[in-house]
Amino acid sequence: MAKQTGTAKLTIGDKELDLPMYSPSVGPDVIDIRALYAQGGVFTYDPGFTSTASCDSTITFIDGGKGELLHRGYPIDQLAEKSHYLEVCYLLLYGELPSATELEEFEGTITNHTMIHEQMHMFFRGFRRDAHPMATMVGVVGAMSAFYHDSTDISDPRQREIASHRLIAKMPTIAAMAYKYSIGQPFIYPKNSLDFAANFLHMCFAVPAENYEVDPILARAMDRIFTLHADHEQNASTSTVRLASSSGANPFACIAAGIACLWGPAHGGANQACLEMLKEIGTPDRIPEFIARAKDKDDPFRLMGFGHRVYKNTDPRATVLKQSADEVLELLGVENNPLLQVAKELEQTALSDPYFAEKKLFPNVDFYSGIILEAMGFPTSMFTPIFALSRTVGWISQWKEQLSDPAHKIGRPRQLYMGAEMRDYVDVENR
Ligand code: CMC
């Protein structure tokens with residue numbers, strides 16, 4: 001916990017309270033209101049947590065104004081260019097970049113945990129073929145707690161570490177299996193000779209009947225998508241994982257809760273929603289109609305893949321992915337794909353429209369990741385599972401940090417109650 005660096009004075013009626021303030025290493029100061037109810041008899045009110053720090057953390061920092069995202073201090077654009085996903089996983093989990101030996105050992109550990117318990121295959125078969133892969137993932141990841149009992153004791157640091165490695169390693173296998181099941185193809189086992197991203201592509205696109213060679217450019221683009229989604233401080237799904245964990249729930253249950261939250265279209269589901277929107281627009285001539293709808297206050301329609309709660313200038317992840325999108329589209333020779341034409345024109349039209357400029361709305365990471373994944377051949381239903389498998393390390397790192405904090409306690413927000421005051425029960429014949 002940071003040291004007190006100031007005091008905020010708060011007047012409530014005739015009471016004057018001194019509230020401690022802390023300064024973070026970067027970012028705005030915070031006011032500690034933990035004693036507010038005890039001393040002032042009031043709660044604070046902040047639906048959506050727009051002004052509330054729910055924990056202290058050393059993992060990720062975002063400066064939304066500057067469009068900056070740092071993992072353990074390292075800017076995301078440098079990590080995306082010079083590092084790779086498993087190295088970023090190590091950095092997020094352990095706090096520092098690994099030495100060559102540490103990295104080799106970590107990669108070996110993850111590679112050796114990619115298979116899932118054979119009996120878990122039965123779970124997949126219990127789902128309907130048309131189940132959304134996110135529904136399958138919520139179920140299967142939650143079910144891991146029924147299979148890996150030796151890593152559910154959260155008071156044992158070694159068990160916490162084993163659970164972390166298992167989740168990072170097995171999530172791509174589970175996502176790929178959910179996909180294979182949905183299209184009626186046999187499951188493809190992980191291949192230890194491939195790196196993390198190439199192995200995922202192999203498990204998704206290989207079939208037993210023929211050889212599948214992973215294109216290194218596609219594997220690199222996949223790895224970038226994983227890296228860019230690895231963590232994003234206290235977003236909705238991460239806060240869900242922390243809240244679930246605050247009650248002492250096991251790691252697999254907590255991550256299943258995170259996956260469920262990520263599924264929503266305002267969060268990780270936006271990449272799927274964005275591609276569906278592009279398909280609905282269909283042709284560039286219909287773009288003005290959809291832009292007009294996005295601006296119309298009486299129409300709930302929003303441009304999916306645009307805007308962000310924290311970034312109000314640019315999404316640094318989107319900047320990197322835009323470049324990746326160009327590379328992938330060129331490699332695959334699909335620059336003239338009609339859907340991608342709509343995406344490009346929509347981006348240009350929105351960026352030059354004063355409504356979007358005034359409200360600081362610009363393409364976010366989901367806009368470009370959707371385009372790349374579509375070009376690679378993933379169905380839209382797989383976009384959010386790919387986000388989930390990438391974000392697992394962020395959830396796990398935040399979970400691990402929370403459990404190592406001796407001061408952590410169960411999360412229990414208060415409320416502004418606007419319901420009926422106490423009243424007497426009325427028998428049914430008198431209502
Ligand atoms: N299209 C049209 N108008 C928008 C959009 C949009 N995509 N996003 C925000 N606005 C308008 C909104 O109508 C509001 O206008 P007004 O002030 O006149 O009422 C203003 O901009 C502020 O919007 P808000 O809903 O108060 O902002 P928020 O910070 O609560 O929401 C958001 C952020 C990401 C949920 C929102 O921008 C949105 O719904 N975007 C589309 C979904 C999307 O792409 N989500 C992915 C986010 S990035 C991945 C992740 O981190 O999960």
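Quick look at the structure, then.

**Considerations on the overall build of the chain**
Within the chain, the secondary structure is distributed over 18 helices and six strands. Over its C-alpha atoms the chain spans a radius of gyration of 23 Å, differing by no more than 12% from the 22 Å that the globule rule assigns to 431 residues. When the backbone C-alpha atoms are referred to their principal axes, the chain occupies close to 75 × 65 × 55 Å. Put simply, the chain has 431 residues, and 47% of those count as buried. A separation threshold of at least 6 residues defines the contact pool for the chain, and within that pool the share at least 24 residues apart is 68%. Accessible surface, the chain as shown: approximately 21,600 Å² in total, 53% of it carbon and sulfur. The centroid of the 39 positive side-chain charges in the chain is displaced by 4 Å from the centroid of its 54 negative side-chain charges.

**Here's the deal with the site of the ligand**
The immediate surroundings of the ligand are formed by 19 residues, with H267, K297, R302, L303 and K359 found nearest. Residue N364 places a side-chain N or O atom 3.0 Å away from an oxygen atom belonging to the ligand. When the free accessible area of the ligand is taken as 940 Å², the share hidden by the protein chains comes to 75%. The residue inventory of the shell around the ligand, partitioned by class, reads eight nonpolar, six polar and five charged.

**A short note on unusual backbone geometry**
Even without being a glycine, E233 presents a positive backbone phi close to 40 degrees. Looking at where E233 falls in the secondary structure, it is placed in the loop between α9 (216-228) and α10 (236-246). We classify E233 as partly exposed; its relative accessible area is 23%. For K360, which is not glycine, the phi dihedral falls at a positive 55 degrees. Note on placement: K360 falls in the loop between α16 (354-358) and α17 (365-376). Overall, the relative accessible area of 43% leaves K360 in the partly exposed class.

**With respect to the pairing of strand β2 (residues 15-22)**
Sheet analysis places strand β1 (residues 4-12) next to β2, joined by eight bridges and oriented antiparallel. In the sheet register, L10 faces β2, and the bridge partner there is L17. Hairpin geometry of β1 and β2 is characterised by an intervening segment of two residues between the two adjacent antiparallel strands and by a positive phi of about 60 degrees at G13.

**Remarks on the environment of H132**
In this structure, H132 sits in the loop between α5 (121-126) and α6 (133-143). Here the alpha-carbon distance between H132 and P385, two residues 253 residues apart in the chain, equals 9.5 Å.

About the thresholds
- Residues numbered from 1 in each chain as written.
- Predicted model: local features only at pLDDT ≥ 70, side-chain atom pairs only at ≥ 80, totals over all residues.
- Heavy atoms only, no water.
- Helix = DSSP H or I, 4+ residues; strand = E, 2+ residues; numbered from the N terminus.
- Rg over C-alpha atoms; globule rule 2.2 N^0.38 Å.
- Buried < 20%, exposed > 50% of the residue type's maximum accessible area, 1.4 Å probe, protein only.
- Contact = heavy atoms within 4.5 Å.
- Areas by Shrake-Rupley, 256 points an atom, 1.4 Å probe, with all protein chains shown as cover.
- Lys, Arg positive; Asp, Glu negative; His and termini not counted.
- Charge placed at Lys NZ, Arg CZ, Asp CG, Glu CD.
- Near = heavy atom within 4 Å.
- Polar contact = N/O pair within 3.5 Å; in protein donor to acceptor, adjacent residues only side chain to side chain.
- Nonpolar A, V, L, I, M, F, W, Y, C, P; charged D, E, K, R; others polar.
- Pairing = 2+ DSSP bridges.

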